[in-house]
Every structure is written in C-alpha cells, then in structure tokens.
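So the chains spell out like this:
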Amino acid sequence: MRLGALLDTPELGLTLLYGPDAREREFARVFTSTLSDPTRYLTGGELVLCGMRWLPGPEDADAFVTTLTEAGVVALGAGTAEVDGPVPQHMIDSCRRAGLPLFEVPVSVSFATVSERVILGLAAERAGADGGGGLDRHRRLLAAVTAGGGLPALVEAGAAELGADCWVLSATGRVIAGTGNSLGSEQRAQLARRYLLGERLPRAAGGFTMLASANKAGHRMGSWFVVVAADHARWEPAQREVAAEFAALAGLERSRLDDAKRIENRAAEPLLRRVLSAEATQADLDSRLAAAGFSAEDQVLVLSAGVQGGGPGLAPVILDEVLAPFGGPALVGSLDAETFGLLAVREPVDGLVERIREAVLVVEPALGSARLAVGIGRAPDAQALRPTVQEARHARKLAELAPGRASVVAGDEVASHLLLLAAVPEELRRSFGAKVLGPLVSYDEAHNSDLVHTVKVFLENSGSWTQTAAELHLHVNTLRYRVSRISELTGRDLSRFSDRVDLYLAGCFTREWG
C-alpha cells in the first residue's frame, strides 16, 4: 500500500511532517508500539505508529528512530493524544537525520482507526492481485467483527478459514477467545513464555503456530497473540495471508478495548489521591467508587506494584492484565511513581492471591534485568480502603526485599511487625543495616570469611547451636568462635534477645542476607 493513499484519506486528518519521497513509499504491515526497541516484532516494510509520552528528549528520539530505520521501517506515525501540543521538533529532526518519513496522527484519531484503514487497504490490494479470492476471505473475517460478534466470532471465522483450531491468548496465558478443546493451564503458560521470549514471529512450537497481533498494548506483556493448531511452515501462501489478516484484526480488537480501558482508568488517579488524603470524607470516597462501578459493600482487593529498571508504564500494563480475568469492576492508576490496582470482589474467589502470583510468575522471564514487586491488601468494604492501600504499599516494600525478578506479598501472609518495618523510610533502613552489619561485611571481604551468612543462619534457627552447626557443616566449637567474633565486631551479644532483634532487623534492611 502506498503511504500517499493513507495520507490522502480525509477522515484520518494525517499531516506529513517530513519525507520528500514519502508518498511513493510502499508498506506491507502496520504495527503499534510503545517499546523502545520493537525489532523482535518487525520484519521490514512496516508502518509504525507510536505515542510521544515515552520519547521526551532528543536522545530518546534518536535511539528509537535509528532502531526503526535499521529494521527497515517505511514510515513513522506519531500520535499526539498523550502529549500537549504537536509532535516536538526534536522528533522531526531525528527523522530528518535518519531519512525516515514522519507524519502526525491528530488527537481526535485513534491508532485503531488508522490500523483499520490500513488493514482494509492492504486486503483490497491483495484481493485485486489474486482475482478477488483474498477479498472474499477478508470480507468473511471482517464481517465476523462488524456483525457484532466481536473477538469470539473473529476467532471462529479465522479457524474456519485456516482449517484449524485457533485461540487468542494474553501474555500471561489467559484465553481471550478460542475454538475447539481447551488448552491446559501448563500448555498455555509454556506458549506464553515462548511468546514473550521468542525472537521472531510467526513461530512454531509443539505443533502450534504463534503470531503477534498487529497492535501492542503499551508493552509486550500487555499484548495478545494468536495460536493456531498447525505448523505455519506447511501453509500455502493464501493461508499465510489469512493468518496475517486474522492476527491483525485481533490486534485491532485489542486496540479498541485498550481505548475503552484507558478511559475507565482515568478515574483511578483522582480516586487514589482522595484515598491517600487525610481530608477526604467517606462520603466522597463512596461517591467516587460508585462512579467507577464499585459499591460501598464491595470487598476491594488492592494491589501496589513497582518495577525497578523496567520501561515506562510497565507496572500499569502488568496490573491491567493480572486483574482482567476476575471480571469485576477494576481500576489501575499511577500516582507519584506508584501504581495501584483496585478490584471489586463480590463473590468468593478460590486462591485469589495464588492466581495473581501465578500470573506474575508467567511474565517473569520477560522482565530481563528489571525487578517486579507486588503487594496485596484486602479491604472488607469501602470504609477500610485507606488502611488497605497502605497495607498493600507496605507489602510491596517487603516484596522488593525478596530475591528474584518477580515477587508477590499479601498483607495477610506476613506478621504485623514486618509490615510496620516496611513503612520505615528506605534511607533509614539502609543506614541502620549498614551500621549494624557493616563491620561484618567489611571483615568478610578482607578475610574471605562468612560471618554474615553465619549470623543469618544462627537467627533463622532461633539461636540453636546444634541446628546452626549442622546446617553450616561446622563443629560447634568453630561456630562458637564465629559467634564470638560477630559479637566483637558488632558490639551485639547474640545471647540477648534485644541484640538478636537488632541483627535480624539489619538483615531485613539490607541485601546482605542474599
């Protein structure tokens, strides 16, 4: 499809900002991304659409545009819905230096609308090339969506055209829609992990083919993917085209749901501000909850999430996906670098926390070097919402101290004193930990000894000499020597309860526990 044909579509209102030969350039696919490096989804010849919020400066823009150019992208469409004013000049300059055509998508037009126009145009061109058969197939797929059947009808139509069962899955392995027999939970989890870590799609795995939907919801962890019970290597060219259009239309459905969810979540930030404000009245909170679909009698599950070293907006994407399967009213919003999720729980849900933990663990491999911490609190009703938000916050702080890339801690899973400790300011925790354990750390580094680990095991065994010696594979006399050395260096007597508490707290407040 020629870029000029898209730019000349009146209802889109697109404005070309750079590209002397842009109108004659042809592209074969449309892709929506907020990833700084989307190359695993690109094969060359794409039109890429992206927002501007996560490209705040010239260096960010240069790096992103260079990545697109090297991947063979034909043109870039910049949306202005998330920023005030037009596309910034530094973005235009970056595209000019790289020779990448750039056009502006006005705030009144969604990426889903642009994608739909592209999909229709590409389908019409393919149909003309094969005498109309492709157009018939596309009409059948599109009719399944436009007739009001939504994604389930689209999946049924896709399965009929491909002659194989099909499913649309989320990045956590949740079935959005599907045909045929249900996929097992472990099978779905394996497919999700392969999807998250796969370098290129389509990809064959265990007799299935995975295809990426054309539109991504902010991050690959928030995206959907298509699974077909067939090996794409055996497909005819016509089947490949049908599969590509099916995946593109599934992505279009996701974009529409994203637009609706984004509007719903606008209520989250002002509600959270009132919840955390000492001046807010209960009547005010009840009113805001009611406007968001919650009732005053609802139990409310509160999640607090934080990502260290992840991309922008990752925590909201994960919470949206984690809360989606439960079906009740839900809000996700960020406030002062903290992200919260609220879920109305109107019926008993077996293993609610465990289901959330399993969903988080599925996406853990895709975190890379980032770390995800989630804290959970449960409010019996709206009256208890404020303390429950604080409980979820403190539980998240405890989760940040746990090893691994992803950790989930529920407030009712830990002792009350640990929740109180999590509320201590981080700077004070670090200072206390360094003051108490610092001499042991320095001694271990200088003498290649293991005193920090020794005191950790000693405290975990409640001061039992026999159990500690056995676990460390030491003679009791050797252990007594080490404990004596620990006392000398720290000034704490491990036979006294108060001194043991000091060492225990220092261990909780430092990464030295390992």
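Residues numbered from 1 in each chain as written. Predicted model: local features only at pLDDT ≥ 70, side-chain atom pairs only at ≥ 80, totals over all residues. Heavy atoms only, no water.

Describe unusual backbone geometry, with residues and values.
With phi around 55°, Asn448 is a residue other than glycine that occupies positive phi space. Structurally, Asn448 can be placed in the loop between helix 14 (426-447) and helix 15 (451-460). Given the relative accessible area of 74%, Asn448 is considered exposed. Notably, His473 is not glycine yet its phi reads approximately 60°, a positive angle. Position of His473 relative to the elements: it lies in the loop between helix 16 (465-472) and helix 17 (476-490). (Helix = DSSP H or I, 4+ residues; strand = E, 2+ residues; numbered from the N terminus. Buried < 20%, exposed > 50% of the residue type's maximum accessible area, 1.4 Å probe, protein only.)

Which residues make up the sheet that holds strand 2 (residues 29-32), and what values do they have?
Within a sheet, adjacent strands bond to each other through the backbone by hydrogen bonds, running parallel or antiparallel. Sheet architecture is open: five strands sit in the order 1-5-4-3-2, paired in mixed fashion. Only two strands of the sheet have a single neighbouring strand rather than two, namely strand 1 (15-18) and strand 2. Sheet twist, expressed as the average angle between the axes of neighbouring strands with direction ignored, equals 25°. As judged from the four bridges shared by strand 4 (residues 75-79) and strand 5 (residues 102-105), these two strands associate in the parallel manner. Considered in strand 5, the bridge of Leu76 is made with Leu102. (Pairing = 2+ DSSP bridges. Axes fitted to C-alpha atoms, helices over the stretch in contact; angles between N-to-C directions.)

Please provide a residue-by-residue account of the pairing of strand 13 (residues 338-345), values included.
When you tally the buried positions in strand 13, you get eight out of eight residues, the bulk of the element. A two-sided burial pattern is seen for strand 13, the buried positions comprising Glu338, Phe340, Leu342 and Ala344 on one face and Thr339, Gly341, Leu343 and Val345 on the other. Of the strand pairs in this sheet, strand 11 (residues 299-308) and strand 13 are connected by seven bridges, and their pairing is antiparallel. Directly across from Ser304, in strand 13, lies its bridge partner Phe340. For strand 12 (residues 330-335) and strand 13, the ladder comprises six bridges, and the chain directions are antiparallel. Following the sheet pairing, Leu335 is matched in strand 13 by Glu338.

Hey, could you go over the packing of helix 15 against helix 17 for me, with residue numbers and the actual values?
Running from amino to carboxyl end, helix 15 crosses helix 17 at an angle of 105°, the nearest separation of the two axes being 10 Å. By the angle between their axes, helix 15 is roughly perpendicular relative to helix 17. Here Leu451, Thr454, Val455 and Phe458 of helix 15 lie close against helix 17, whose contacting residues are Leu479, Arg482, Val483, Arg485, Ile486 and Leu489. Among the residues making up the contact of helix 15 with helix 17, the classes are represented as seven nonpolar, one polar and two charged. (Parallel < 35°, antiparallel > 145°, perpendicular 65-115°, else oblique. Contact = heavy atoms within 4.5 Å. Nonpolar A, V, L, I, M, F, W, Y, C, P; charged D, E, K, R; others polar.)

How would you explain the pattern of salt bridges if you had to name every residue and give the values?
Within this structure, the stated rule accounts for 18 salt bridges. Arg29 is paired through a salt bridge with Glu46; the nearest N and O atoms lie 3.5 Å apart. Here Arg29, found in strand 2, pairs with Glu46, found in strand 3 (residues 46-50); they are 17 residues apart in sequence, far enough to count as distant. Of the residues examined, Arg29 reaches a relative accessible area of 27% and is grouped as partly exposed. With a shortest N-O distance of 3.4 Å, Arg492 and Asp502 are connected by a salt bridge. (Salt bridge = Lys/Arg side-chain N within 4 Å of Asp/Glu carboxyl O.)

Pulling in residues and values, what's your account of helix 17?
If you check helix 17, its first and last C-alpha atoms are 21 Å apart, about what 15 residues at 1.5 Å a residue would give, namely 21 Å. Summarising the contacts, the buried residues of helix 17 are in contact with helix 14, helix 15, helix 16 and helix 18 (497-508). (Expected span 1.5 Å × (residues − 1).)

Give a description of the nonpolar core that names residues and reports values.
Residues Leu76, Met91, Leu303 and Ile376 are the most contacted members of the largest nonpolar core, which totals 66 residues. Counting residues in each nonpolar core, the second largest holds 29 residues, with Val155, Cys166, Ala248 and Leu249 among its members. (Core = buried A, V, L, I, M, F, W, Y, C linked by side-chain atoms within 4.5 Å.)

Account for helix 3 (residues 89-98), with residues named and values stated.
By the burial criterion, the buried members of helix 3 are His90, Met91, Ile92, Ser94 and Cys95. Where helix 3 is buried, its residues meet strand 1, helix 2 (58-70), strand 4 and strand 5. One or two steps after helix 3, the chain reaches Gly99, where phi turns positive at roughly 75°.

For the sheet that holds strand 13, give the residues involved together with the corresponding values.
Strand order in the open sheet formed by five strands is 12-13-11-14-15, and the pairing between neighbours is mixed. Lying at the two open borders of the sheet, with one neighbouring strand each, are strand 12 and strand 15 (406-410). On average, each strand axis in the sheet is inclined to that of its neighbour by 20°, with strand direction left out of account. Here strand 14 (residues 371-379) runs beside strand 15; their pairing, made up of five bridges, is parallel. Bridge pairing in strand 15 links Ala373 to Ser407. Across the face of the sheet, helix 8 (residues 268-275) comes into contact with strand 12 and strand 13 while running at roughly 70° to strand 12.

Remember, this is a structural readout, not a statement about activity or role.
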